[in-house]
Amino acid sequence: MSNLRFSFLAPRRLALFAALVASFWLAACDATSIIGEPDVHGGETDTWRDPPDVKAPDTHECLVLDPWAELPAQESGRLLESNFYLAHPCDHPAWSATVSHRVALALEPFAPPAPETEVISEMEVIADNGAALILEEIEFTTFDGERAFARVLRPKADGQHPGVLVLHGHYSSSADLVEERDSYVTPLSLALALSGYVTLSPDIRSHGRFSFEGYTYPHHDYAREVAEDGDVFARLAINDARVALAVLKERAETDPDRLGMAGLSLGAFITAVTSVVEEDIKAAVVAGLLISFEILFSDRHCYCQHLTALAELVESHELALAILPRALQVHWGELDSILEEDDGEQVASLLFDWAEWLGLDDTLFTPVSKDLGHTFDPPVHIDFFNTWL
């Protein structure tokens, strides 16, 4: 992997690290042939479009488009193709605003959240290092009227602190984020709270204490029922995260101008999409699942994530480009099977190439943690948030 712009991180022995295992439902595939020759002029193509291999022209009429206006007519609908694509770095602001708007349309129906929040319990907890933290269990109303569950872990100290919304992956819950447990999910929320952050960790819909009765397999059965009703589980989960972000922002101890988000696996996909449409997110960690939509929306991965309307607009690396110039960390564990087998390397490389060409690579980071698998790496993420929040 020496040809990639990855920075490798030395192994650490920390009590925070849980068992490091790759997700069992991920099958191997070799997708290196997907990357093709540059297609500078856009248009329909079966390959990903690389950045132009020449320096941007000195004279260029930059895109100045109202993101709410109709896009120019184009055969494919892709925002990097046909009449609307990035030909110059100065095109990026209008392009990313349009991506954000179009992705938001794909998530409708959704209303600006005014969530009702109820504190179920609150207690002081003492961490292994003697630090005092406050742990709250809360419920809040989602955009579609359901009652979601979350854990808030924060410093006991008075005053406002930066806030981070933290999402778990499949077959996990917020409990795995706030305490050491037998789980592939490392307790990132605990590590962040010990570092002075307010963390809000919701149970993703159909997981943990945000589950629905009457299902033999709560997540898969619920997601399939949603699909049979003509909707997509991912759309619901992303909109739940947008409401959870509003809950975090409105808390008295949260600095509303210093908000971040982090997600692993399923939570990583939710984080990437949410960060595109929610500009309050100043720094995002996408851990263990930035792969091509061609693979993510195939039977290799859970149908609960198949929000195929996104693929009609952008590819996954293009979606990530729309987060920039806000800070973005695309993180992998070296032992994570998705990194090589499901084209994580190629997507990260292409993302970095585009960011570099646009002059936005100073806020994009693609670390790979040695000896880690499909999990968070708290010290790496804390360093990132300390810099950008």
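Now for a look at the structure at hand. (Residues numbered from 1 in each chain as written. Predicted model: local features only at pLDDT ≥ 70, side-chain atom pairs only at ≥ 80, totals over all residues. Heavy atoms only, no water.)

1. Overview of unusual backbone geometry
In this structure, the amide linkage connecting Glu108 to the following residue, Pro109, adopts the cis form with an omega of 5°. By the element assignment, Pro109 lies in the loop between helix 1 (92-106) and strand 2 (117-126). Residue Leu324 is joined to Pro325 through a cis peptide bond whose omega torsion reads 10°. Backbone geometry places Asp371, a non-glycine residue, at a positive phi of 65°. Mapped onto the elements, Asp371 comes out in the loop between strand 11 (367-369) and helix 11 (378-388). Owing to a relative accessible area of 46%, Asp371 belongs among the partly exposed residues under this scheme. (Helix = DSSP H or I, 4+ residues; strand = E, 2+ residues; numbered from the N terminus. Buried < 20%, exposed > 50% of the residue type's maximum accessible area, 1.4 Å probe, protein only.)

2. Some details on the nonpolar core
Among the nonpolar cores identified, the biggest contains 80 residues, and Val103, Leu200, Phe269, Ile270 and Leu328 are the most heavily contacted of them. Considering each element in turn, this core owes the most residues, 11 residues, to helix 5 (residues 233-250). Sequence-distant contacts of Leu200, that is, excluding residues within four places in its chain, are made with Ile138, Ala150, Arg151, Val152, Val164, Leu165, Val166, Ala244, Val247 and Leu248. (Core = buried A, V, L, I, M, F, W, Y, C linked by side-chain atoms within 4.5 Å. Contact = heavy atoms within 4.5 Å.)

3. As for helix 5
Between its terminal C-alpha atoms helix 5 stretches 26 Å, which fits the 26 Å expected from 18 residues at 1.5 Å a residue. Most of helix 5 is tucked away: 16 of the 18 residues are buried. (Expected span 1.5 Å × (residues − 1).)

4. Some words on the packing of aromatic side chains
Under the counting rule described, the total for this entry stands at 9 aromatic pairs. Where Phe365 meets Trp388, the ring centres are 6.1 Å apart and the plane angle is 50°; that geometry is what we call tilted. Placement of Phe365 in strand 10 (residues 364-365) and of Trp388 in helix 11 is noted, with a sequence separation of 23 residues between them. A relative accessible area of 30% places Phe365 in the partly exposed class. Of the residues examined, Trp388 reaches a relative accessible area of 32% and is grouped as partly exposed. Every member of this aromatic cluster is reached through a ring pair, and the members are Tyr197, Phe365, Phe384, Phe385 and Trp388. When the ring centre of Phe110 is taken as reference, the NZ or CZ atom of Arg242 above it lies at 3.9 Å. (Phe/Tyr/Trp six-rings, centres within 6.5 Å; stacked < 30°, edge-to-face > 60°. Lys NZ or Arg CZ within 6 Å of the ring centre and 35° of its normal.)

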